[in-house]
Amino acid sequence: MVRIAIVEPRSAGHRLIDRAAELGHEVVVVSAGHGERRVPDVHLAHAALVETVDTNDDAATLARLHALHAAAPLAAVVPGFEHYVPLAAAAAAALALPGLSAGTAVALRHKHVMREVLRAHGIDQPAHVLVEDEALLDAALAAVGLPCVVKPVDQSGSLNVCKAATPAEARAAFRRIRDYGAGYLDRAGLPLVLVEEYVDGPEFSVEGYAEGGRATVLGVTEKQLGPEPWFVEVGHLLPARLDAAATAAVERYTRRVVEALGLELGPFHAELRMSARGPLLMEVAARLPGDRIPDLLRLATGTDLYEIALRCHLGLPAAPRPPSGGTGHAGIRFLLRPDLDRYRAMVVDPGLRADPRIREIGALVEPGAPIPPGGSSSSRLGYVLAAGPGPDDTAQALDAAERGVCFTPPQTTLAPAPRTEHFMGRHVLILNRWNNRFAEYHRYLDHRADRVAYLTTEAGRGPLDASLAEEIRVVADLSDRAEVTAAAAELAAAHGPFTHVLALSEFDLELGAELREALGVPGKGVAEVRLVRDKVVMKAAVAAAGLRVPANRPVADADGVRAFAAEHGFPFVLKPRAGADSQGVHVVEDAARLAAVLERAADAGTDLTDHQCEEFIDGTLYQVDGVVSGGELRTVRSWRCLGSCLDFAVGSPFGSVANDDPAFEARVVEFTRGVLAALQLTDDVFHLEVFRTAGTDELVFLEIGARAGGGQVRFVWEEVYGLDLIEASVHVQLGIGREYPRADVGGEVAGYLMMPEPPVRPAVVHRVAPLTGAVPELYAEALPPAGTVLDGNGGAVHTAGAFRFRAATSAQVQAAIETAVKLYEIDWSPAGAPGV
């Protein structure tokens, strides 16, 4: 149709190229073509011509546009981004094409000029003072008050816009702007700073266009901002959730602002906050809104702001087409991950891609590329765009999407490099009792970036990489407190003070706390660890938070146990206060069983001093595994147990299936949050056990471990949900920021089965029949090889067979587990029997 030049397109300017070409126009892109001023090839493909020129050089760009116009007349010169509005206006005027006047372009580009124009028109706005020199800052703060907002007069994307609550913060913000230099788009900003009144209230943007100096509002957008002191926009919802009166007030105020500033033609994007005084302008620009807002407007209402902008600059009546085909509402959510400086991959929950409300999911920062620091929109890693019939439905889809997109941290690299270049300042002492792959700490922690020493046993030494460790000190027994404490002190004396003591096994949590206190290392001390190890203290804290726990009492001897039985009746549970893996746990069903348990304890010399009795809860056991970091629950999933750990210990199969009931999951998650708060768990991987009572459907706390779940829990989490719980344990304990894959209801369901050791122990295994292929949902199995001796001390680690399953629903996984139990076969004989 006609020839249009778009000067330095960015953000919405990229899609303006696409839309102009769709409408049949011949598009000429005028761009520097490098760095932040490089237009992606996917958009350049729609251009008829690309002219490369330094768009920060006004004279050179104007000369190039003159040459283009002379070769083949241009019908319009359109700014592709806010910074180039004055340049496009000057070019349009020079070529006698429709455009903004120079004065309007300046007023809508430079915020201090904008403020003065609005002041002259008597339009209410935040109090403000222009500061040219730091010496004048105190006077500005006195005039405006604190808190205030400190912003550059000519940037965009919230770059260096900062809330300041104190004079020191204001001074730091001023210097940040003053010293920014030629950063964004290689453009040096004006050496001017605005200090403005901080307006407390929700923020909105108003999208529209001007024609003949009259403003038309097309939509009001609800904004979601990231954490202060920055004002980075992290989400938009259109139309905003405002009542009719508030919407009318916003539209009326915005029209006054735009017309006062003299906008003759073209799109505008105004940002304001609703205050006690009514709408107050933050800023307004003569450009298309960014952040895909034109696409939200088109999705929600059918109105094409791209086409309107082109028609305005062509001097044609805007004449927006009657809205048609809109969904009603649309929104976008940007994904911030301030704990990352790079990421390896963006992982999307498959369920999101199947949700019809989700229209797009994309990355804004390439994997492996540096993530800019917070303080501007460039720190956003990705986005999710959704549309639906109502605002709440659309917002819910965006909330779910935000939880379902994960950015995995970079893989640890161990390439040789001088320690001084990479040393992060951590000096870590690791207590290790494992002799399997979970002890391969070099997979979770870069030993060349951090200094790492080990205290371990001879058995635990095998998986440790001696070439990477600062030192590996072997002790006879990690339970020998005197030996371990002395060894830790020697390591500290030899290599310097430790910054962290890492203990991942539940049996080492108390030892880790004792060493922290002995060595003066920050972290959980004995009192905090006691909350998650002493079941009496643990239950008291949970009960104090208003959550249901079994009636319980510490006991000191057999008389204390009998007294509990007399008061509470049978059945009840007798267990160690600080046990694990159901070791030493007894369900006492009646008086005869009580007598037998106490007699056996006396014969074995078992000291009951550190035991407790508690109410037996009739119900289904659920396990809840997850990660809490910075006090926020990062990922969580509940699992319904088929059997109990105690039953498994005494000879019954044990299975577990991930829950897929969203209503119940919501209850469990809320209960879990209460437990974590009660026990002061803020940076931990946890394994929680709760009962869902029969009949009353009540949740009852059983116990929690501040560690990764045992048995097959770690395997299914890693294989099905993509999270290595041991790695997560290392990271949360060391304060290493990262994202954690979600395991929310709605995706794939995992489960596992463990078969108990033979009833006579020790036993020699001759053969366990494999089930791979016999059960379709079975994806992995771990079978003891022929000749394995099972001695009854394997717990959930050395079993007579472990099987892992995955399917679409919990019912399918449970059915597969039940089939596997029926098909399971083992040939064994007692150790020492003839022929063995």
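This report concerns the structure included in the present document. (Residues numbered from 1 in each chain as written. Predicted model: local features only at pLDDT ≥ 70, side-chain atom pairs only at ≥ 80, totals over all residues. Heavy atoms only, no water.)

## Some thoughts on the overall build of the protein chain
Looking only at helices and strands, one finds 25 helices and 37 strands in the protein chain. Overall size of the protein chain, expressed as C-alpha extent along the three principal axes, is 105 × 60 × 55 Å. Among the 836 residues that make up the protein chain, the fraction classed as buried is 52%. At a minimum sequence separation of 6, the contacts of the protein chain that also span at least 24 residues come to 66%. When the accessible area of the protein chain is evaluated, it comes to approximately 33,500 Å², of which 53% is carbon and sulfur surface. Within the protein chain, the 109 negative side-chain charges are centred at a point lying 3 Å from the centre of the 78 positive side-chain charges. (Helix = DSSP H or I, 4+ residues; strand = E, 2+ residues; numbered from the N terminus. Buried < 20%, exposed > 50% of the residue type's maximum accessible area, 1.4 Å probe, protein only. Contact = heavy atoms within 4.5 Å. Areas by Shrake-Rupley, 256 points an atom, 1.4 Å probe, with all protein chains shown as cover. Lys, Arg positive; Asp, Glu negative; His and termini not counted. Charge placed at Lys NZ, Arg CZ, Asp CG, Glu CD.)

## Structural notes on the sheet that holds strand S24 (residues 572-576)
Pairing is antiparallel across the open sheet formed by four strands, whose spatial order is S23-S26-S24-S25. With one partner strand each, in any of the chains shown, strand S23 (552-555) and strand S25 (586-588) form the two edges of the open sheet. Averaged over all neighbouring strand pairs, the angle between strand axes comes to 25°, with direction disregarded. Sheet topology note: the S24/strand S26 (residues 611-615) ladder contains five bridges and is antiparallel. (Pairing = 2+ DSSP bridges. Axes fitted to C-alpha atoms, helices over the stretch in contact; angles between N-to-C directions.)

## Concerning empty space enclosed by the protein
Scanning the model with the defined rule gives three cavities of 30 Å³ or more in all. In this structure, the largest cavity occupies an estimated 50 Å³ of space. Along its surface, the largest cavity is lined by Val 77, Pro 79, Val 85, Ala 88, Ala 89, Ala 92, Gly 99, Leu 100, Ala 286 and His 313. Of all the elements in the fold, those that place two or more residues in the lining of the largest cavity are strand S4 (76-79) and helix H4 (85-94). Counting residues per element, the lining of the largest cavity draws most heavily on H4, at four residues. Here the lining of the largest cavity is built from residues that sort into eight nonpolar, two polar and no charged. (1 Å grid on protein atoms, 1.4 Å probe; cavity = no way out; pocket = protein on both sides within 12 Å on 5 of 7 lines; lining within 4 Å. Points joined across faces, edges and corners; volume = space filled by probe spheres on them. Nonpolar A, V, L, I, M, F, W, Y, C, P; charged D, E, K, R; others polar.)

## A look at the sheet that holds strand S19 (residues 427-432)
What holds strands together in a sheet is hydrogen bonding between their backbones, with the strands either parallel or antiparallel. In space, the four strands of this open sheet follow the order S21-S20-S19-S22, with parallel pairing throughout. The sheet is open, and its two borders are formed by strand S21 (471-474) and strand S22 (500-503), each paired with just one other strand. Within the sheet, the average angular offset between the axes of one strand and its neighbour, ignoring direction, is 20°. Relative to strand S20 (residues 451-456), S19 runs parallel, the two sharing six bridges. Residue Val 428 lies in a different strand from S20, and its bridge partner there is Val 452. Packing against the sheet, helix H16 (residues 509-519) makes contact with S19, S20 and S22, and its axis sits at approximately 170° to S22. Most of the contacts of helix H24 (residues 725-734) go to S22, to which it runs at about 155°, and overall it touches S19 and S22.

## Comments concerning the pairing of S20
Here S20 lies mainly inside the structure; five of its six residues are buried. For S20 and S21, the ladder comprises four bridges, and the chain directions are parallel. For Tyr 454, the partnering residue across the bridge sits in S21 and is Ile 472.

## Re the environment of Ala 566
Mapped onto the elements of the fold, Ala 566 is located in helix H19 (residues 558-568). Ala 566 sits in the exposed class, given a relative accessible area of 71%. Counting along the chain gives 262 residues from Ala 566 to Asp 304, while the straight-line C-alpha distance between them is 78 Å.

## Some remarks on the pattern of salt bridges
Following the criterion strictly, the structure yields 67 salt bridges and no others. Put simply, Lys 151 and Glu 283 hold a salt bridge, and the shortest N to O gap is 3.7 Å. Within this pair, whereas Lys 151 is found in strand S6 (residues 148-152), its partner Glu 283 is found in strand S13 (residues 278-285), the two being separated by 132 residues in sequence. When its relative accessible area of 3% is taken as the criterion, Lys 151 is described as buried. Classification of Glu 283 as buried rests on a relative accessible area of 16%. Put simply, Lys 539 and Glu 614 hold a salt bridge, and the shortest N to O gap is 3.0 Å. Here Glu 614 lies in strand S26 and Lys 539 lies in helix H18 (residues 535-544), a separation of 75 residues in the sequence. We note that Lys 539, like Glu 614, is buried. A single salt-bridge network, built from bridges that share partners, covers Glu 134, Asp 138, Arg 171, Arg 175, Arg 178 and Asp 179. (Salt bridge = Lys/Arg side-chain N within 4 Å of Asp/Glu carboxyl O.)

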